[in-house]
Structure formats: structure tokens, C-alpha cells
Amino acid sequence: AMKSKLIIICIRCLLNVHILCSQHYKMVDNWKEYVEELAAETDQQEQIEALYADLSYLSEHPLDLNHLTQEQLKRLPFLSDQQIEALLAYPERYGKMVSIYELKQIEALDWATLSLLLPFVTIGENKVEKWPLTVSNLFNYGENELLIRYDQCFQQKSGYGELSDSILQRYPNRHYLGEPFYHSLRYAYTFDDRLQLGFVAEKDAGEPFAKVIHKGYDSYSAHLFLKDMNRLKSLAIGDYKVSFGQGLAISHEFTLSRSATVTQIERRSQGFRRHYSTNEQDFFRGAALTLALGNWELSGLYSYRKMDAAVDSLTFPSLKTDGLHRLPRDWEKRRTVPLQSYGGHLQWATSIARIGVTALGYSFGRYQLQPVDKPYSRFYLSGSHHFNISVDYLLRTGGLKFFGETAMDKQKALATLNNLQWTPASYFTLLLSHRYYDKRYQALFGNAFRQGSTVQNEQGFYMGLQFTPLPYWKLSLYGDWFRFPWLKYGVDAPSSGVEYMAEVDYTPNAVFSTYLRYKYQEKEKNQTAKENNLVTIVPYRQHRLRYQLVFRPGDWVLKTAVDGVLYQELNQADSKGYQCSQSVAWRPNKIPLGVDSYFAWFHTDDYDSRVSSYEKNILYAFQMPTFYGKGFRLALTVSLDLGKRLSLFAKLAHTHYLDRDQIGTDTELINGSDKTDLYALFRWKF
């Protein structure tokens, strides 16, 4: 019986190998399109850049299919639990894979998932014992990477214009303190994925680099990270990220958008990871340790950072989180408030169950957080010392999985998130999720599944369905019903809303794919009557429709997309927006060159009907610009390998507006209807 199965596998591999061979190199960038889809519904730009960088690293260091671990596969967010189990079970059932094309025989992997997976896996030689951590081995077998990035806008913005001394004295915040370019420097050293060290230095456009007020980069970061050394699961020194449970107490990770993964909302990344991005907000600075003993894991952490805030007599209204220090008022807030964090996590886990306890305390020292005195901010985080404690849990049996987290804060306010996932077969998954975040619950580092901006003042029920009714077809549906029991910024009363999405994907092979997506969202907001300035709460609705077609003939990749937006608000005229875009990529198999061109025409009535631009960017960077009004967008991205160790990436993007002669506002104002940006990245691997 085993010989018969092996013969069948070999025959099927031979029948499919020519398809995969001819298309494999064209799948290399599919995961980047996947990340773009994830970002379409989020404002977590810096966090998704960290995800993008992590996946970029994994694509450069593919996983050996014959020595996979569950932890490794969980780093790939597009894989479901069933697909991970199938990948782990295949070598155990049929023996070691001899070709990457055997992946086609795994029933749980459809064409779309397979095209995403291929850049991250390989077939290695027989497993080699890991090199001992000696000085000689560190020098001989370690990998180094140096990244130098430079961005520049060619048009002069108002903040860089010449102003007289008298005007500067009267209005100092009309002029940027620094140069008009962005620049970052990143270095990383890795040894067998067990040792990672590196540093990051960055200045944003407008921040001083070689000025009297400041010389050097605005932000510095460094890390040393060890993992998987006997009982030492991880050790972080310097800057690191933390994620426990489902994010009710703490998570520095990116929150998956609903549109891209309707049935995958579980926080898979647990514990500590290195911080190696230019994100200046979502990380800890200090030390963290995880010890593993059988089914038990014990983690502890300590962090001390200086945060940005406007301090007045040892009080401050909020933390400044954008990381920008371009204006005198920004410089006055720079690193004024100490933030000390400490805590730990105890976890017991098996293949079918997991339970963990998180305790986290944090304080601002002698400083007091006092939010602005407004009705909507009544339950905002305030004071000097705080803590959160939570219990996270998971239980799997057959096709059912129950997971969630329940947390409590200093005031004994509760937050709970509970999920039930049912997967009777690889082609059908149903997810039911309920969340209750008390209006009084406060968690400075909370980052869980939600509609609002914080893990607070929200109740909701979510249902997601993913179904493959026919070969090559996939149907994705979700509904989210939610309410906010207390006021919100811009909503002077308790409010509620709904969100629905339906998407149909057709992916018959690696050459052709297409999808149609419809999304509906209804919420409530303040509306001020023009005749008497009376504020009332009114509903508003947004309809979004997107059709995309991708065709990959030979060395070319052609992507055509049409977007439509309809915004409706009570007592207001409807607002409409349209966008048509076309990208053409040339990725020759025999030349170390890649070229991506992009053109989009957009036409929207106002900001409410704005559209997003799905376009390529340089390596280790991510951008999803939005546009409103009338105009078009052009972009050209080039990647070139200068030998095996040197690479150059560059992008030139141009936006022309047809309905205005000024772009932006205040210090970002450009006089004219054109905006041109250059992005460049140099990479040296040694």
C-alpha cells in the first residue's frame, strides 16, 4: 500500500512539475500583494512594515520542508491551522520530500495559498547539527546585512520655506527644524536563527540631522536576541517586542484585517521577538527572558523608556505617539516622561490545550497622566501607576477550536474576547467571536481584535465564513455587529454599527487569478446643523467595491483593478469615488532585474469617498497612500542585484491633481498640482 501511494505521488508530481517550474519565479512577490491586501483596511502602517520586514527576512531564509516546526509555520499568517497540520504531517506519513513540487499533493493547500507559500520554503540537504556558539563559528558562519535608505520629495513644502526672523520668532512652528529628506540605517547579524543582533538609526523628513539644535539621527534602536538554547527559549536585551494571549493586556504585533483573513483572528505570535523596524512606538527597551521546562514556560520582562508628551507641572494630557520631532513644539515634547514596565507570563501548553497567566505593571514615575476634561475622555487611562492581569486559553478537539483571553485592570474592570472556530473539512471554516471591553477597562499596551482605536468601551459579535464550494473557487464572508456603550471622540452619545464583507476568489492556476469584493460599513457620528449649530447623532454608510484581475504571461505580471466607493450620510448628498489602476511588472528569470510600473486614475467627490493606491514599494518598506479629488498616480519601482551581495532598490512616484493648485495643508503644503517622491534602498549582505 505504501509503495502504491509513493508511485501515485511521483506520477502526479511529474504531471505538475512543468507548471510549477514555469511559474515558480513569478510567485516570488505574491506575498507582497497579500500584505498590501492586509493593509488596505488598517491604519497600523508602522506595525505592518514590521510584518513586511519579517516576511522579507523569511523569504531570504526559506524554511526546510523536511524539518518544519509548528512555531516556524505560525510566522506565516496566511496559513490556517489545518494547512499547518497538513504540512507537518506529510513527511511523517510519506517520508521526506524530495521535491518542492510535492506540495501540490497536499489537499489542504489551494493554488492561492501555494503561491504564497513557495517563496518561504525549500528542500534542504540532510539535517546538519547546529554549529556550536563559538567565536570562530560566529565569524565564519554568521550573516550580516546593512541597509541604507533615503527618501526625498522633490517639491518644496511650506515647512522648509524661507521665513524672516521676525515671523519665526512669532510663529516658530511654521518652520521645520531639519532637512527635507528621510534617512535610515539598519544593520543586522544572524547566526543560525539562534542569535540575532543589530541596530537601527532613523530620521524622518523635517527632523534635524546636521543642524545646530541636533546632530545625528533622531531615533536609535539596538537589540541582542537569543533563542532555542536548551531550556532558554528566548533572551532579549535592548529593544524587543512582546505579545501574550490575544492582546487584551499587551501586544506589539500587527492586527490582521478582516478583509484578508476572515476566519483567522488568533494571535499566534507569543512571547518575545527582536525589534528591528523603524517603528518608534511599539516596543520595550530593557531585558526579557523565557525559560521552557517540558510543557511549562515562564517569562519575565523589564523595560524603561522615555516617552514623548507635553508636560506641565508634572502632568501631561496624553502620550505623543507619531515619533515626529520636526517642529519646536515637537522638540519640547521629546522624551520627557519615563515609562517603566515590568511583568511576566506563565504558560502550560500541549498540542491540544494551552492556558497562560499574564501580569503587567507600568508607571510614569512622578508624572501624572491627566486627559483633557471632556465627556468622551471620562474613562481614559489616567494617573501614574497601572497594571493588567489576564488569563488566556485554548482548547482543540477534532475540528473545533476554542480560544480567548479575559483580563482585568487596576480598577477591576473587565475585558474578554472569546472565539469558537469550526473546521469540519479543509474547505470549510466558520468562526464565531464575542468581545466585551468594559468602558472603564484601561490597558496602555492592549492591542486586540476590535473596531475602535483602543481595547475599551466596545461590545461586539463577529462571524466569519470561508468556503471552497468548487475547485479553484473560494467564498469569504463576515459580519461584525458592535456597539460603543459610552461616548467617543466625535460621537457625543452611545453608538453602534455593523460591517459586512463578501468576496469571491477564482484562482485556477498560477497564471491567472481574480476576485470581486464588496464591503459595507455603517456607523454613527456627530452632525452639526448649519442653521442653529445643533449637534445630533446621525448614521453614515460606506459601500466599497473592488474587482481585481491578475495575469502572469511569461516574465510579465499584469494586474488590473477597479475600485468604487459610495459614502452616504443623513441630511447630506451622497459622495462617490472611483479608481482604475493598472500595474505591469517585468521579472525576467535570467536577469537580476525587476521592474514594476503602476498607473492609477482616481475621481472622488471628497475625503469621505477617498481611495487607496495598491502599489509596489522598495524592499523592507511599505506604503499605502490614499487620494481624494481628481487626478492620476504614476509609480516606477526597480530592483537590481549587483552581484550576489549587493542590491539596489529604487522607486519614483508622481501624483498629479486635476482639481487643485495646492497639495496638503500647513507645513506640508505644496504650491502646485504635482508631487514627486524618490525612495531608494541599498543592501549589502556579507
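Counting of residues starts from 1 at the beginning of each chain's written sequence and follows it residue by residue. Only residues with pLDDT of 70 or above have their local features reported here, since the model is predicted, and side-chain atom pairs are shown and tallied only from 80 upward, although totals for entire chains, interfaces and linings are computed over all residues. Side-chain figures throughout are based on the complete set of non-hydrogen atoms in the structure, without hydrogens or water.

Caption draft 1: Looking closely at the pairing of strand S13 (residues 337-349). One requirement defines pairing of two strands: DSSP has to find at least two bridges between them. Under the DSSP-based scheme used, a helix requires at least four consecutive residues in state H or I and a strand at least two consecutive residues in state E, with every element numbered from the N terminus. As paired strands, strand S10 (residues 296-309) and S13 are joined by 12 bridges and run antiparallel to one another. Bridge pairing in S13 places Ser303 opposite Ser341. In this sheet, strand S14 (residues 353-363) lies alongside S13 in antiparallel orientation, the contact comprising 10 bridges. Paired with Trp348 across the bridge in S14 is Ile355. In this structure, the hairpin formed by S13 and S14 is closed by a connection of 3 residues.

Caption draft 2: Focus on the pattern of salt bridges. By definition here, a salt bridge exists when the distance from a side-chain nitrogen of Lys or Arg to a carboxyl oxygen of Asp or Glu is within 4 Å. Counting across every chain of the model gives 30 salt bridges. As a salt-bridge pair, Glu458 and Arg435 come within 2.7 Å of each other at their nearest N and O atoms. With Glu458 in strand S20 (residues 458-467) and Arg435 in strand S19 (residues 428-437), the pair connects residues that are 23 residues apart, well separated along the chain. Like Arg435, Glu458 is buried. Each member of the salt-bridge network shares a partner with another, and the members are Asp81, Glu266, Arg268 and Lys401. Each residue is placed in one exposure class: buried if its accessible area under a 1.4 Å probe, protein chains only, is under 20% of its type's maximum, exposed if it is over 50%, and partly exposed if it falls in between.

Caption draft 3: View of helix H5 (residues 81-94). Expected helix span is computed as 1.5 Å times (number of residues minus one). The terminal C-alpha atoms of H5 lie 20 Å apart, and with 14 residues this matches the ideal 20 Å at 1.5 Å per residue to within 8%. Here the bend at a residue means the angle between the axes of two seven-residue stretches, the one that ends at it and the one that starts at it. Where H5 bends most, the angle comes to about 25 degrees, and this point is Leu88, followed within four residues by the proline Pro91. Within H5, the full set of buried residues consists of Asp81, Gln83, Ile84, Ala86, Leu87, Tyr90 and Pro91. Immediately beyond the C-terminal end of H5, within one or two residues, lies Gly95, with a positive phi of roughly 90 degrees.

Caption draft 4: Expanded view of the packing of aromatic side chains. Any pair of Phe, Tyr and Trp rings, taking the six-membered ring for Trp, is counted once the centres come within 6.5 Å. Such a pair is stacked with planes under 30 degrees apart, edge-to-face with planes over 60 apart, and tilted for the rest. Following the criterion strictly, the structure yields 39 aromatic pairs and no others. Seen in terms of ring centroids, Tyr90 and Tyr94 are 4.9 Å apart; in terms of plane orientation they differ by 50 degrees. Their pairing is tilted. With Tyr90 and Tyr94 both in helix H5 and 4 residues apart, this pair spans about one turn of that helix. The exposure class of Tyr90 is buried, given its relative accessible area of 5%. Among the residues examined, Tyr94 registers a relative accessible area of 23% and is labelled partly exposed.

Caption draft 5: Structural view of empty space enclosed by the protein. Within this scheme a cavity is a closed region of a 1 Å grid, computed over the protein atoms alone, that accommodates a 1.4 Å probe without allowing it to escape, whereas a pocket is open but has protein on both sides within 12 Å along at least five of seven lines; lining residues each have an atom within 4 Å of a point. Grid points are joined across faces, edges and corners, and a volume is the space filled by probe spheres set on the points. Applying the stated rule across the entire model yields 4 cavities of 30 Å³ or more. Volume-wise, the largest cavity comes out at about 130 Å³. For the largest cavity, the lining is made up of 16 residues, of which Lys559, Ser583, Asp596, Ser597 and Lys616 are closest to its centre. Secondary structure elements with two or more residues in the lining of the largest cavity: strand S25 (556-569), strand S26 (575-586), strand S27 (593-604) and strand S30 (630-642). Across the lining of the largest cavity, the residue classes break down as 7 nonpolar, 3 polar and 6 charged. Of all the secondary-structure elements, those providing two or more residues to the lining of the second largest cavity are helix H3 (45-60), strand S3 (143-153) and strand S4 (181-191). Think of it as three bins: nonpolar holds Ala, Val, Leu, Ile, Met, Phe, Trp, Tyr, Cys and Pro, charged holds Asp, Glu, Lys and Arg, and polar takes everything else, Gly as well. Taken together, the residues of the lining of the second largest cavity break down into 7 nonpolar, 3 polar and 3 charged.

Caption draft 6: Region of the structure containing the pairing of S4. Among the 11 residues of S4, 11 are classified as buried, and the element is accordingly described as predominantly covered. Neither face of S4 is exposed, since Phe181, His183, Leu185, Tyr187, Tyr189 and Phe191 on one face and Tyr182, Ser184, Arg186, Ala188 and Thr190 on the opposite face are all buried. The sheet contact formed by S3 and S4 spans 10 bridges and is antiparallel. Paired with Glu145 across the two strands is Ala188, which belongs to S4. One ladder, built from 9 bridges, connects S4 with strand S5 (residues 195-203); its direction is antiparallel. Across the sheet, the residue bridging to Tyr189 is Leu197, located in S5. A loop of 3 residues connects S4 with S5, the two strands running antiparallel in sequence, and Asp192 in this loop sits at a positive phi of about 55 degrees.

Honestly, that's just the spatial picture; any functional story needs more than this.
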